[in-house]
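# Coordinates in review
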Amino acid sequence: QKEVEQDPGPLSVPEGAIVSLNCTYSNSAFQYFMWYRQYSRKGPELLMYTYSSGNKEDGRFTAQVDKSSKYISLFIRDSQPSDSATYLCAMSPRSNDYKLSFGAGTTVTVRA
Amino acid sequence: NAGVTQTPKFRVLKTGQSMTLLCAQDMNHEYMYWYRQDPGMGLRLIHYSVGEGTTAKGEVPDGYNVSRLKKQNFLLGLESAAPSQTSVYFCASIQATSGRAYTDTQYFGPGTRLTVL
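Calculation criteria
Residues numbered from 1 in each chain as written. Chains lettered and ligands numbered in written order. Predicted model: local features only at pLDDT ≥ 70, side-chain atom pairs only at ≥ 80, totals over all residues. Heavy atoms only, no water. Core = buried A, V, L, I, M, F, W, Y, C linked by side-chain atoms within 4.5 Å. Buried < 20%, exposed > 50% of the residue type's maximum accessible area, 1.4 Å probe, protein only. Helix = DSSP H or I, 4+ residues; strand = E, 2+ residues; numbered from the N terminus. Contact = heavy atoms within 4.5 Å. Pairing = 2+ DSSP bridges. Axes fitted to C-alpha atoms, helices over the stretch in contact; angles between N-to-C directions. Polar contact = N/O pair within 3.5 Å; in protein donor to acceptor, adjacent residues only side chain to side chain. Salt bridge = Lys/Arg side-chain N within 4 Å of Asp/Glu carboxyl O. Phe/Tyr/Trp six-rings, centres within 6.5 Å; stacked < 30°, edge-to-face > 60°.

### A short note on the nonpolar core
Counting 24 residues, the largest nonpolar core has Trp-35, Ile-72, Leu-74, Tyr-87 and Met-91 of chain A as the members making the most contacts within it. The set of elements that each furnish at least two residues to this core consists of strand S3 (19-25), strand S4 (32-38), strand S5 (45-51), strand S7 (61-66), strand S8 (71-76), strand S9 (85-92) and strand S11 (106-111) of chain A. If sequence neighbours within four positions are ignored, Met-91 of chain A has contacts with Val-4, Cys-23, Tyr-25, Phe-30, Tyr-32, Phe-33, Met-34, Ile-72, Lys-99, Leu-100 and Ser-101 of chain A. Met-32, Trp-34, Phe-74 and Val-116 of chain B belong to the second largest nonpolar core, which has 20 residues in total.

This is the structure:
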């Protein structure tokens with residue numbers, strides 16, 4: 001069983017819809033959670049990060065962490081065609097542990 | 001400032017051939033990483049380096065070797081390529097000065113698409 005599970009999709013939504021992405025994990029030591037966005041044929045780029053449980057909002061993006069359920073989510077409101085990408089979750093057990101555990105990534109297409 | 005560059009962008013090898021992938025960064029970053037990305041598997045860490053002259057194994061190191069003779073370069077070698085090494089390879093670098101892995105951005109290169117026949 002992989003440490004981090006993420007449904008690869010693909011997910012296709014109309015423009016303006018809310019996109020909901022999630023990851024589950026098995027390692028209870030994970031405390032730091034990140035979301036990376038990867039456009040086609042490009043390297044991933046850091047989108048958002050959260051620490052421990054709770055919500056974090058950044059513009060149209062909201063990240064949620066539920067450590068009791070070992071479940072994290074990313075919501076994209078008012079989705080745009082430019083949001084079409086693969087979204088990868090990543091996790092780390094310690095703040096200074098730079099070896100991240102990545103999910104498989106979910107491919108999202110926002111239709112104009 | 002080119003960021004992280006990878007050479008080559010594409011390569012086709014025959015089983016048993018060897019090759020070296022070059023990663024270069026001009027941001028004076030301490031840490032560098034080599035990942036492979038396969039469908040349904042996400043990014044898996046092959047080897048990494050926390051400074052010039054240092055290397056360490058990641059999650060899937062078998063069949064690969066690395067060297068970091070200069071701070072700005074991180075080389076990934078395949079001594080005897082196998083079809084299972086067909087993948088997209090990404091290099092990444094990070095400054096790692098804050099001690100907070102979740103805020104320090106990993107800068108990724110554009111990737112190298114390798115096919116082993």
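### Observations concerning the sheet that holds S8 of chain A
Backbone hydrogen bonds are what pair the strands of a sheet, in a parallel or an antiparallel way. Residue and element names in this part refer to chain A. Reading across the sheet, the five strands line up as S1-S3-S8-S7-S6 and stay open at both edges, with antiparallel pairing between neighbours. Unpaired on one side and paired on the other, strand S1 (4-6) and strand S6 (54-58) mark the two borders of the sheet. Within the sheet, the average angular offset between the axes of one strand and its neighbour, ignoring direction, is 15 degrees. Both S1 and S3 contribute to a ladder of three bridges, which runs antiparallel. Looking across to S3, one finds that Gln-6 is bridged to Cys-23.

### Here's the deal with the side chain of Ser-93 of chain B
Residue and element names in this part refer to chain B. The residue Ser-93 is located in strand S9 (residues 87-94) in this model. Side chain to side chain, Ser-93 and His-29 meet in a polar contact 2.8 Å long. Contacts of Ser-93, omitting those with residues within four sequence positions, involve Val-4, Gln-25, Met-27, His-29, Tyr-31, Met-32, Thr-105, Gln-106 and Tyr-107.

### Considering the pattern of salt bridges
Under the counting rule described, the total for this entry stands at six salt bridges over all chains. For the salt bridge of Asp-83 of chain A with Arg-60 of chain A, the shortest nitrogen-to-oxygen distance reads 2.8 Å. Here Asp-83 of chain A, found in the loop between S8 and S9, pairs with Arg-60 of chain A, found in the loop between S6 and S7; they are 23 residues apart in sequence, far enough to count as distant. For Asp-83 of chain A, a relative accessible area of 2% translates into the label buried. Here Arg-60 of chain A falls in the partly exposed class, since its relative accessible area comes to 26%. Across the salt bridge formed by Arg-36 of chain B and Asp-38 of chain B, the nearest N and O atoms sit 2.9 Å from each other. For the pair formed by Arg-36 of chain B and Asp-38 of chain B, the shared burial category is buried.

### Let's talk about the packing of aromatic side chains
Residues and elements named next belong to chain A. Overall, the coordinates contain 11 aromatic pairs over all chains when judged by the stated rule. Ring geometry for Tyr-32 against Tyr-51: centres 4.8 Å apart, planes inclined by 25 degrees, an arrangement best described as stacked. Of the two residues, Tyr-32 is situated in strand S4 and Tyr-51 in strand S5; the sequence distance between them amounts to 19 residues. With relative accessibility at 9%, the residue Tyr-32 sits in the buried group. For Tyr-51, a relative accessible area of 45% translates into the label partly exposed.

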